[in-house]
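Summary of structural features
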Amino acid sequence: MSDEQTTAALPRTPRRAATAARLLSAIALVGLLVGGVESSHAAPVNFSREVKPILARRCFACHGPDSGEGGLRLDSREHALAELDSGLLAIVPKDVDSSELLTRVTSEDEFTRMPPEGKPLTEHEIDVLRRWIGEGAEYQKHWAFVAPVKHEPPALEASPHKSWVQTPIDAFILAQLEANNLQPAPQADKRTLCRRAYYDLTGLPPTEQQLEKFLADESPDAWERLVDKLLASPHYGERWGRHWLDLVRFAETNSFERDGEKPNAWKYRDYVIRSFNDDKPYDQFVKEQLAGDELDEVTRDSIIATGYYRLGIWDDEPADAVQSRSDEMDDLIATTSQAFLGLTVGCARCHDHKIDPIPQKDYYGMAAFFGDVTSYGDRGDQTSCNQWDLSPPETAARRRELREQADLVNREVVSMEEVGVKRMEAPDQRRSETHDRERLLKRKLKKYLNASEWEQYQATRQRLDAAHAELRELGEPESALALARCNAHPEPTHLNVRGNPHVPGDVVEPRFPQLFGVEQPTIPAAPEGARSAGRRKVLADWIASDDNMLTSRVIANRVWQHHFGRGLVRSANNFGELGDVPTHPELLDWLAIWLTEHEWKLKPLHRLIMTSSAYQMSSQADAAALAADPLNDNLWRFDLRRLGAEELRDATLAASGKLNLDMYGPSFYPEMSPEVLATQSMPGQGWGKSSAKEQSRRSVYIYVKRSLLTPLLTAFDFPDVDASCEARFNTTQPGQALSMLNGQFANEQAGYLADRVRTEAGDDPKDQVARAIEITLGREATKEEITDGLDLLNQLTKDHNRDPQEALRYWCLVALNQNEFLYLD
């Protein structure tokens, strides 16, 4: 049975049932404790972190910058303190009783209570507003729209946990824990830390030998040396490159009806992996993708990096070409602003941003930076704009010249042929429009051209043949998906009225979003003969500047996110006013500035984070801490997480002994059932056949077809590839159990694992049961597991007449479905 046809649920083993019972007990305990906790409010209310999110989410729809119903706007202090249409005052600083806002949000009358729709404000939200007004109702600039400040790590000399502080990160974490009457969880054991490090940095489990070596290493710097070793592994780039591919919506097809291929898209993926492995400074990484063809030193890597512009969806036959082109640009603006800046500039396409200070003019100002970016292609030419010839410049130029020449000459040839075709009899004219055209023309064209026309036709054909011959001598070029053709002198960019490209308004020049408060650029027109407009380099230099108040924060937050399971700012693509506030704002600023001071290199940042005590905590629960901080916002312990889609598939291959660690190169095609292949946009087309060896490569090299994502990966939350993905969902749903118990891939790998177990453990069932646990879980089997395994083998062989090898395959399948295999502590 294939992964997508599975129909049975994951069995409830005694071990899993016991775990579930303990979990339910813990949840019940937490519920009791939470009910009895009272908050204390020693610190003043923080407007940006506590008040603004409430106003933005619950009030701005009616009382925001574009509304102001009843004369009330809450987007600025000036408007909020103004008299309402009713003559009342919504907010009277330091006078809660006279503030109509509090009267309305606490009203029990559903006709007067605010907000009028949805759930009433919670007691906590009302309490925040009450305290804020009582303290003077001061407004502050949104935290992310102020330049980061390098705070000194808190001094904790008097702390009973001061020895816990191993890095400045720990000082920030511990200070906040103690301020909330919490303490850090104990350090995780060495086995847990080893598995955590391997998966976090390489996406692969440690081998038994690697795990044993680390466990046996008693030197004081054993952990630091393990981290350094994994950062130097080529598999680091595969793991962390995949995180970046989520952000830039990497796929190898165009979507829409035909979902045609993006040739050589895999070279962009390989560029990303190499860049992470080489620890390329992040600012350079940014510049190469946004303006790799405009840099002072253009390299092969920087050319391939501009494939970034060609990754989005593209309609090869749009009903409205103008609208389609506008949508292409919108996708580029939305992805660029979210991935690099953590801003939702795309929300200002049709009107000023409803929440953030991003006017519509800023949206089109960013569009103007991309003015020279041509469309991906058109129906008649789907390669010229997106396939860059990587040959030496002279060769590439000559090949381009010959192709253009051949195209022009071919048009002359066709025009001459049409002269003769029009003189032919009707049946031959009809044949000229079929696949018989060439044969017809060879036999009859001369008859219908005069001597002069025929001589000219022959000479023109010779010129065409000569161009083709020279092209053959030059050989097929090595091409890359890239920004192969630009418009160096683009048309003016207009502010589209209500976002409608058919209603252009005022002309807008390239401009940085006004919220940054920086001087706007003046970009001269490109000289004659220029390849591009030179605008994108200006944008790239600004985004990648040390002085940009968001870029370093955003990437530092992303690195933290993939180590701890969520960022210091959970809404990693949205640092705006509707996004989440940072749980540790001073730490985020400190990390952002530390990164720029260390040449924007990410590997030292990984090392800093992983050598902290915060990263090395166990996931051990504490009843009081669970009650006070159930979401672990203060980071009092490490969060357990399920393996990601690629990690799970790769770990399964590693356990079976079939994992192929060959790196780079064209993507491979996993085996798909006919039923699944029939669901793609063009059934029977666009899915290749790979060898079994290729199909055992790491999951980052799977071909990503937008209309046919790999079912096993999607079951475990592989993202939608049509838009930037800041963080994957982390679900637990039946399809996962079905895939891992009944799916074709899981069952095949369980069979290979059974073969491996028999080879390594011999024919003794007890040894086989134990060996399967050792391979999959990286530890010795317990007595209970051995008993369970032997019971299963006996049942299958005696009660169900299965042969011993088949029974062993089922035990290996159980081993691959253990929570301990699927989850990382």
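Residues numbered from 1 in each chain as written. Predicted model: local features only at pLDDT ≥ 70, side-chain atom pairs only at ≥ 80, totals over all residues. Heavy atoms only, no water.

1. Concerning the overall build of the chain
The helix and strand inventory of the chain stands at 35 helices and 6 strands. Taken over C-alpha atoms, the radius of gyration comes to 32 Å for the chain, in line with the 28 Å a tight globule of 825 residues would show. Dimensions along the principal axes, computed over C-alpha positions, put the chain at roughly 105 × 85 × 55 Å. In the chain, buried positions account for 52% of the 825 residues. Relative to all contacts within the chain whose residues are 6 or more apart in sequence, the contacts with residues 24 or more apart total 70%. Approximately 37900 Å² of the chain is accessible, and the part contributed by carbon and sulfur atoms is 51%. The average position of the 97 basic charges and that of the 131 acidic charges among the side chains of the chain differ by 5 Å. (Helix = DSSP H or I, 4+ residues; strand = E, 2+ residues; numbered from the N terminus. Rg over C-alpha atoms; globule rule 2.2 N^0.38 Å. Buried < 20%, exposed > 50% of the residue type's maximum accessible area, 1.4 Å probe, protein only. Contact = heavy atoms within 4.5 Å. Areas by Shrake-Rupley, 256 points an atom, 1.4 Å probe, with all protein chains shown as cover. Lys, Arg positive; Asp, Glu negative; His and termini not counted. Charge placed at Lys NZ, Arg CZ, Asp CG, Glu CD.)

2. As for the side chain of aspartate 170
Tracing the backbone through its elements, the reader meets aspartate 170 in helix H7 (residues 168–179). Put simply, aspartate 170 is tucked away with no salt bridge, and the nearest opposite charge, on arginine 196, sits 11 Å away. If we ignore the near neighbours within four places in the chain, the residues touching aspartate 170 are Trp164, Val165, Ser612, Ser613 and Ala614. (Salt bridge = Lys/Arg side-chain N within 4 Å of Asp/Glu carboxyl O.)

3. Structural notes on the pattern of salt bridges
Pairing between side chains becomes possible if they bear opposite charge and their charged atoms approach one another. Counted under the stated rule, the structure contains 70 salt bridges. In this structure, glutamate 760 and arginine 771 form a salt bridge, with 2.7 Å as the shortest nitrogen-oxygen distance. You can see glutamate 760 sitting in helix H31 (residues 744–761) and its partner arginine 771 sitting in helix H32 (residues 765–777), a full 11 residues away along the chain. With relative accessibility at 40%, the residue glutamate 760 sits in the partly exposed group. Because the salt bridges share partners, they merge into one network encompassing Glu208, Arg756, Glu760, Arg771 and Glu774.

4. Side note on helix H19 (residues 437–444)
Turning to H19, its buried residues are Arg437, Leu440 and Leu441. Seen end-on, H19 carries its buried residues on one side only, within an arc spanning 95°. Residues of H19 that are exposed and point over 90 degrees away from its buried face: Arg439, Lys442 and Arg443. Lining the buried residues of H19 we find helix H17 (393–423) and helix H18 (426–431). (Arc of directions from axis to C-beta.)

5. Some thoughts on the packing of aromatic side chains
If you walk through the whole model with that rule in mind, you get 34 aromatic pairs. Consider the rings of tryptophan 244 and tyrosine 282, whose centres lie 6.1 Å apart with planes at 75°: the pair is edge-to-face. In this pair, tryptophan 244 is assigned in helix H11 (residues 235–247) and tyrosine 282 in helix H13 (residues 282–291), connecting sequence segments 38 residues apart. Across the pair, exposure class does not vary: tryptophan 244 and tyrosine 282 are buried alike. Arranged with centres 5.9 Å apart and planes meeting at 90°, the rings of phenylalanine 564 and tyrosine 615 form a pair that is edge-to-face. Of this pair, phenylalanine 564 sits in helix H22 (residues 551–564) while tyrosine 615 sits in the loop between helix H24 (602–610) and helix H25 (623–628), and the two are 51 residues apart along the sequence. With respect to burial, phenylalanine 564 and tyrosine 615 carry one shared label: buried. Directly above the ring of tyrosine 615 sits arginine 196, whose terminal nitrogen or CZ lies 5.7 Å from the centroid. (Phe/Tyr/Trp six-rings, centres within 6.5 Å; stacked < 30°, edge-to-face > 60°. Lys NZ or Arg CZ within 6 Å of the ring centre and 35° of its normal.)

6. Brief notes about the nonpolar core
Judged by nonpolar contacts, the single largest core of 168 residues is most densely connected at Trp244, Tyr268, Phe340, Trp560 and Leu591. In this view, tryptophan 244 contacts Tyr268, Val272, Phe276, Tyr282, Phe285, Gln289 and Phe340; residues no more than four positions away in its chain are not counted. (Core = buried A, V, L, I, M, F, W, Y, C linked by side-chain atoms within 4.5 Å.)

7. Things to note about empty space enclosed by the protein
In total, this model carries 5 cavities of 30 Å³ or more according to the counting rule given. Approximately 150 Å³ is the volume attributed to the largest cavity. In this structure, the largest cavity is lined by 16 residues; those nearest its centre are Tyr309, Gly312, Ile313, Glu328 and Asp331. When grouped by side-chain class, the residues that make up the lining of the largest cavity number 8 nonpolar, 2 polar and 6 charged. (1 Å grid on protein atoms, 1.4 Å probe; cavity = no way out; pocket = protein on both sides within 12 Å on 5 of 7 lines; lining within 4 Å. Points joined across faces, edges and corners; volume = space filled by probe spheres on them. Nonpolar A, V, L, I, M, F, W, Y, C, P; charged D, E, K, R; others polar.)

8. Digging into the packing of helix H30 (residues 734–742) against H31
The description of two helices packed together rests on the angle between their axes and the distance between the axes. One way to put it is that H30 packs onto H31 with a least axis distance of 5 Å and a crossing angle of 40°. Between H30 and H31, the angle is such that the two are oblique. Taking contact as the criterion, the partners of Ser739, Met740, Leu741 and Asn742 in H30 are, on H31, Gln744, Ala746 and Asn747. Residue composition of the contact of H30 with H31, by class: 3 nonpolar, 4 polar and no charged. (Axes fitted to C-alpha atoms, helices over the stretch in contact; angles between N-to-C directions. Parallel < 35°, antiparallel > 145°, perpendicular 65-115°, else oblique.)

9. With respect to unusual backbone geometry
In this structure, the amide linkage connecting methionine 114 to the following residue, proline 115, adopts the cis form with an omega of -5°. Residue placement: proline 115 occurs in the loop between helix H5 (100–105) and helix H6 (123–134). Even without being glycine, arginine 249 reaches a positive phi, approximately 45°. Arginine 249 gets classed as buried once you look at its relative accessible area, which sits at 2%.

10. Let's talk about the environment of aspartate 378
Structurally, aspartate 378 can be placed in the loop between helix H16 (360–369) and strand S1 (387–389). Since its relative accessible area comes to 44%, aspartate 378 is described here as partly exposed. It is 61 Å that separates the C-alpha atoms of aspartate 378 and glutamate 135, two residues lying 243 residues apart in sequence. Among the polar contacts made by the side chain of aspartate 378, one reaches the main-chain amide nitrogen of glycine 380 at a distance of 2.9 Å. (Polar contact = N/O pair within 3.5 Å; in protein donor to acceptor, adjacent residues only side chain to side chain.)

11. Details of the packing of helix H12 (residues 265–277) against H13
Packing of H12 against H13 brings their axes to within 11 Å, and their N-to-C directions diverge by 165°. On the basis of their axis angle, the class for H12 and H13 is roughly antiparallel. Crossing handedness for the pair H12 and H13: right-handed. Residues Tyr268, Tyr271, Val272, Ser275 and Phe276 of H12 form the contact with H13, whose participating residues are Phe285, Glu288 and Gln289. Grouping the amino acids of the contact of H12 with H13 by side-chain chemistry returns 5 nonpolar, 2 polar and 1 charged. (Left-handed = near helix turned anticlockwise from the far one by under 90°.)

12. Comments concerning the confidence of the model for the chain
Residues at a pLDDT of 70 or more form 95% of the chain, whose mean pLDDT is 92. Scored below 50 in pLDDT, residues 1–41 shows 57 contacts in the model against residues more than four places distant or in partner chains. (pLDDT = per-residue confidence, 0-100.)

13. What to know about the state of the cysteines
Inspection of the entire model under this criterion finds 0 disulfides. Cysteine 59 carries a free sulfur, and the closest cysteine sulfur to it, the one in cysteine 62, is 9.0 Å from it. Residue classification places cysteine 59 among the buried residues on the basis of a relative accessible area of 10%. For the unlinked cysteine cysteine 725, the closest cysteine sulfur is that of cysteine 347, found at 17 Å. (Disulfide = S-S within 2.5 Å.)

14. Concerning helix H2 (residues 47–58)
Of the positions making up H2, those classed as buried are Phe47, Ser48, Val51, Lys52, Pro53, Ile54, Leu55 and Ala56. In this fold, the buried residues of H2 make contact with helix H3 (60–63) and H6. Structurally, the start of H2 carries an N-cap: the backbone nitrogen of serine 48 is 3.1 Å from a side-chain oxygen of asparagine 46.

15. Considering the environment of histidine 79
Positionally, histidine 79 belongs in helix H4 (residues 77–80). Owing to a relative accessible area of 30%, histidine 79 belongs among the partly exposed residues under this scheme. Here serine 76 takes part through its side chain, which lies 2.7 Å from a polar atom of the side chain of histidine 79.

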